[in-house]
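Overview (structure and organization)
Okay, here's what each chain looks like letter by letter:
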Amino acid sequence: MNESFDKQKMMETLVDPEVSSILTELEGGEKDSAYLTDKLQLSPGQIKDLLSYVIEHKFVVINQNDGKEIFKVDLNKLNKIMENDDNFKSVVDGLTELDQFLN
């Protein structure tokens, strides 16, 4: 990935509990702001504030459709940063090794 963002800040944003709960909702497909506000009990402004860094770098895109704001996550981009993150990879490798040891 040759994106121009702070990788550490992006990872911190992605693992934030509130941000990850929003992203979890979006993994199943695009959602409008009314659905997200109802489901997550957050205002549209709070959702945009929480997602501001991922929106800025196009991990989440907001489109307009019939006067509604539609949030969509770019799963390819999200998966790439998770696959390419050395810290994340080290955690996964450590858990795999621990699992093998316990079994």
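A brief look at the structure comes next. (Residues numbered from 1 in each chain as written. Predicted model: local features only at pLDDT ≥ 70, side-chain atom pairs only at ≥ 80, totals over all residues. Heavy atoms only, no water.)

The next subject is the overall build of the protein chain. When you go through the protein chain residue by residue, the secondary structure sums to six helices and three strands. Secondary structure elements of the protein chain, listed N to C terminal, follow the sequence α-α-β-α-α-β-β-α-α. Of all 103 residues assigned to the protein chain, the portion counted as buried reaches 31%. A sequence separation of at least 24 residues applies to 57% of the contacts in the protein chain between residues at least 6 apart. (Helix = DSSP H or I, 4+ residues; strand = E, 2+ residues; numbered from the N terminus. Buried < 20%, exposed > 50% of the residue type's maximum accessible area, 1.4 Å probe, protein only. Contact = heavy atoms within 4.5 Å.)

Those residues of helix H3 (residues 33-40) lying buried are Ser33, Leu36, Thr37 and Leu40. Down the axis of H3, the sector holding all buried residues measures 95°, keeping them to one side. Along its buried surface, H3 packs onto helix H2 (17-27), strand S1 (31-32), helix H4 (44-56) and strand S3 (68-73). In this structure Asp32 caps H3, since a side-chain oxygen of it lies 3.1 Å from the backbone nitrogen of Ala34. Immediately beyond the C-terminal end of H3, within one or two residues, lies Gln41, with a positive phi of roughly 55°. (Arc of directions from axis to C-beta. Polar contact = N/O pair within 3.5 Å; in protein donor to acceptor, adjacent residues only side chain to side chain.)

It is worth spelling out the side chain of Lys77 at this point. Position of Lys77 relative to the elements: it lies in helix H5 (residues 75-84). Here the side chain of Lys77 touches His57 through a polar contact of 2.7 Å, landing on its backbone oxygen.

Let us look at the sheet that holds S1. In spatial order, the strands read S1-S3-S2; together these three strands make up an open sheet with antiparallel pairing. Across the chains shown, the open sheet's two edge strands, defined by having one partner strand only, are S1 and strand S2 (60-65). Pairing analysis gives six bridges linking S2 to S3, with the strands arranged antiparallel. By the bridge assignment, Ile62 is partnered in S3 with Phe71. With respect to the sheet, H2 is in contact with S1, S2 and S3, its orientation differing from that of S3 by roughly 95°. Lying on the sheet, H4 is in contact with S2 and S3; it crosses S2 at an angle near 120°. (Pairing = 2+ DSSP bridges. Axes fitted to C-alpha atoms, helices over the stretch in contact; angles between N-to-C directions.)

Take the environment of Asp32 next. With respect to the element layout, Asp32 can be found in strand S1. Of the residues examined, Asp32 reaches a relative accessible area of 19% and is grouped as buried. C-alpha of Asp32 to C-alpha of Lys72: the two residues are 40 residues apart in sequence and 8.8 Å apart in space. Ignoring anything within four residues of it in the chain, the contact list for Asp32 reads Lys68, Glu69 and Ile70. Separated by 3.1 Å, the side chain of Asp32 and the backbone nitrogen of Ala34 make a polar contact.

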